[in-house]
Amino acid sequence: MTANVIDGKAVAQASQAQTAKRVAEFVAAYGFAPGLATILIGEDPASEVYVRNKRKAAAAAGLADFHEHLPATATQDEVEALIDRLNAEPRVAGILLQLPVPGGLDRTRLIERIAPGKDVDGLTTLNQGRLARGVQGLRPCTPSGIIELLDFSGVSIEGSFAVVVGRSELVGHPVAELLLQRNATIAIAHSRTRDLAALTAQADILIAAAGVPEFIGAEHVKRGAAVIDVGIHRTDKGLTGDVRFGEVAEVAGWITPVPGGVGPMTIAALLSNTIAAAEVAAAGSAS
Ligand code: NAP
């Protein structure tokens, strides 16, 4: 293996330690712990694990826990009423609606209901517009975590050619935007892209976020490139990503493992968004 394996767990731990320090300073200044509200609807086992991990990490950083678990039969009105209540609760700094939500619910309307200042997933139209404009706002967690991993590893973003495979509103699109703002030249590939390997093989930075198990192989990767594997898939062999780790590690310069790469960074970015939201809200109410 030639690639440097980027240890997302270690980078996430360092980031969470920073957040914990900011939370302690916040408590000392304002006399209460800012909270993260997690909303889980239904009984999806994977979502339950994700929410449990987020709550555990938030508690370890000193954030207050405002968890809400609604049944899969919850109506649109009921979920919106809950979001309104959390929007109005001053001790709640951030609100996370765990996705996907059950079929009968309008996910877009629910996301838009979250107060933009508490939208710690960075998914409201206002925060996405702020991202597109490059002005201050809450950024989506996984994309922010990816940038932090690249920075930590000393991968040079400015002037590089970065290819993002995937154009979702959660990952592909916003990470491309963040890379562009850091002066990378970007290309976004998707399911209709012709000759994907010819494109990705030119990338200095390759972000694999297609959600297709192990479909990026050595033929897609330029020698020495930084390969960030966002995919996460439960298979008979355990967890795997979008990248065939063994063969890509032979050509890449840097690579993230699954698990232990991007996943922990998503949680770290969520916590750092929550304390940032708390600080902005407290500064606003003090002025
Ligand atoms: P998504 O909404 O399903 O989007 C997938 C994107 O990949 C789409 O834009 C799709 O193109 C594109 N795509 C699909 N097949 C492709 C192919 N064969 N070639 C090129 N592009 C292809 O998924 P997502 O929410 O962005 O998530 C992507 C993956 O990351 C999933 O495995 C998810 O579980 C994982 N994830 C991990 C974390 C973490 O913390 N580690 C966080 C979020 C997501 P079209 O637009 O043309 O359909």
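Engineer: Can you help me understand the domain arrangement of the chain in this one?
Structural biologist: How big an interface is tends to be expressed through the accessible area that disappears when the partners come together. Segmentation of the chain into domains returns domain 1 (33–117) and domain 2 (141–262). Each of domain 1 and domain 2 has a C-alpha centre, and these two points are 29 Å apart.

Engineer: It is not clear to me how helix α3 (residues 76–88) should be interpreted in this structure. Could you clarify?
Structural biologist: Structural remark: α-helix, 3.6 residues per turn; residues separated by three or four positions point the same way. In this model, α3 (13 residues) spans 18 Å end to end at C-alpha, consistent with the 18 Å of a helix rising 1.5 Å per residue. Turning to α3, its buried residues number three or more, namely Gln76, Val79, Glu80, Leu82, Ile83, Leu86 and Asn87. Taken down its axis, α3 places every buried residue within 155° of arc, on the same side. Away from its buried face by more than 90 degrees, α3 exposes Asp77 and Ala88. Contacts from the buried residues of α3 go to β2 (35–41), β4 (68–70), β5 (92–97) and α4 (107–113).

Engineer: Explain the site of the ligand here, please?
Structural biologist: Not every one of the 21 residues close to the ligand is listed here, only the nearest: Arg167, Ser168, Ser191, Val230 and Thr266. The backbone of His190 places a nitrogen or oxygen atom 3.4 Å from a nitrogen atom of the ligand. In this structure, Thr266 approaches the ligand through a side-chain N or O atom, which is 2.7 Å from an oxygen atom. Contact with the protein chains covers 68% of the free accessible surface of the ligand, which is 930 Å². At three residues, helix α10 (residues 262–286) tops the list of elements feeding residues into the shell around the ligand.

Engineer: Explain the sheet that holds strand β12 (residues 254–255) to me, please; I cannot follow it from the model alone.
Structural biologist: Hydrogen bonds along the backbone pair up the strands of a sheet, which may run parallel or antiparallel. With parallel pairing, six strands are arranged side by side in an open sheet as β1-β12-β9-β8-β6-β7. Every other strand in the sheet has two partners, leaving β1 (4–5) and β7 (185–189) as the edge strands with one partner each. Note: strand β9 (residues 226–229) against β12, two bridges, orientation parallel. Within β12, the position partnered with Ala226 by the bridge is Trp254. On the sheet, helix α6 (residues 141–153) packs against β8 (205–208), β9 and β12 and is oriented at approximately 145° with respect to β9.

Engineer: What is the right way to look at the pattern of salt bridges in this model?
Structural biologist: Once the charged atoms of two side chains with opposite charge are near each other, the side chains can pair. Tallied over the entire structure, the rule returns 14 salt bridges. A salt bridge links Lys21 to Glu25; the nearest nitrogen and oxygen atoms lie 3.8 Å apart. Of this pair, Lys21 and Glu25 both sit in helix α1 (residues 8–30), four residues apart, which is roughly one turn of the helix. Overall, the relative accessible area of 48% leaves Lys21 in the partly exposed class.

Engineer: Just to check I follow, could you spell out the environment of Val175 for this structure?
Structural biologist: Looking at where Val175 falls in the secondary structure, it is placed in helix α7 (residues 172–181). Sequence-distant contacts of Val175, that is, excluding residues within four places in its chain, are made with Pro143, Ile146, Val164 and Ile207.

Engineer: Teacher, can you tell me more about unusual backbone geometry here?
Structural biologist: Most peptide bonds take the trans configuration, and most residues that are not glycine carry a negative phi. With an omega of 0°, the peptide bond between Leu99 and Pro100 qualifies as cis. By the secondary structure assignment, Pro100 is in the loop between β5 and α4. Here the bond from Val258 into Pro259 is cis, since omega is 0°, no more than 30 degrees from zero. Its place among the elements puts Pro259 in the loop between β12 and α10. Non-glycine residue Asn183 carries a positive phi angle of around 70°. Looking at the element boundaries, Asn183 is found in the loop between α7 and β7. Here Asp195, not a glycine, exhibits a phi torsion of approximately 45°, which is positive. Relative to the helices and strands, Asp195 resides in the loop between β7 and α8 (196–200).

Engineer: Is there a simple way to explain the packing of α1 against α10 in this structure?
Structural biologist: A pair of packed helices is captured by two measures, namely the crossing angle of their axes and the spacing between those axes. Where α1 meets α10, the axes come as close as 9 Å, and the angle between the chain directions of the two elements is 20°. Taken together, α1 and α10 sit at an angle that is classed as roughly parallel. Handedness of the crossing formed by α1 with α10: left-handed. Within the contact between the two elements, α1 uses Gly8, Lys9, Val11, Ala12, Ser15, Gln16, Thr19, Arg22, Val23, Phe26 and Tyr30 and α10 uses Pro264, Met265, Ile267, Ala268, Leu271, Ser272, Ile275, Ala276, Ala278, Glu279, Ala282 and Ala283. Here the residues of the contact of α1 with α10 are counted per class, giving 15 nonpolar, five polar and three charged.

About the criteria used
In this convention, every chain numbers its residues from 1, walking through the sequence in written order. Side-chain atom pairs in this predicted model are given and counted only at pLDDT of 80 or more, local residue features only at pLDDT of at least 70, and totals for whole chains, interfaces and linings cover all residues. Side-chain measures were taken over the full set of non-hydrogen atoms in the model, leaving aside hydrogen atoms and water. Segment limits for the domains were obtained from an automatic or database-derived domain assignment. Helical segments are the DSSP runs of H or I of at least four residues, strand segments are the runs of E of at least two, and each set is numbered from the N terminus. Here a helix's expected span is defined as the number of its residues, less one, multiplied by 1.5 Å. The classification of residues rests on relative accessible area computed with a 1.4 Å probe and restricted to protein chains. Under 20% of the type maximum is buried, over 50% is exposed, and intermediate values are partly exposed. By definition, the arc is the one covered by directions from the helix axis to the C-beta atoms. By definition in these notes, contact holds between two residues if any of their heavy atoms fall within 4.5 Å. Note on definitions. A residue lies near a molecule or strand when any single heavy atom of the residue is within 4 Å of it. Polar contacts here mean pairs of N or O atoms no more than 3.5 Å apart (in protein, one a potential hydrogen donor and the other a potential acceptor; neighbouring residues in sequence count only if both atoms are side-chain atoms). Here the Shrake-Rupley method, with its probe set to 1.4 Å, supplies the accessible areas, and only the displayed protein chains count as covering residues. A pair of strands is labelled paired if DSSP reports no fewer than 2 bridges between them. The axes are straight lines fitted to the C-alpha atoms, using for helices just the contacting stretch, and the angles between their N-to-C directions are given from 0 to 180°. Any carboxyl oxygen of Asp or Glu within 4 Å of a side-chain nitrogen of Lys or Arg constitutes a salt bridge here. Every angle not falling under 35 degrees, over 145, or within 65 to 115 is termed oblique; those three ranges are roughly parallel, roughly antiparallel and roughly perpendicular. Definitions for this section: a left-handed crossing has its near helix turned counterclockwise from the far helix by less than a right angle. A right-handed crossing has that turn clockwise. Lys, Arg, Asp and Glu make up the charged group, whereas Ala, Val, Leu, Ile, Met, Phe, Trp, Tyr, Cys and Pro make up the nonpolar group; the residues left over, Gly among them, are polar.

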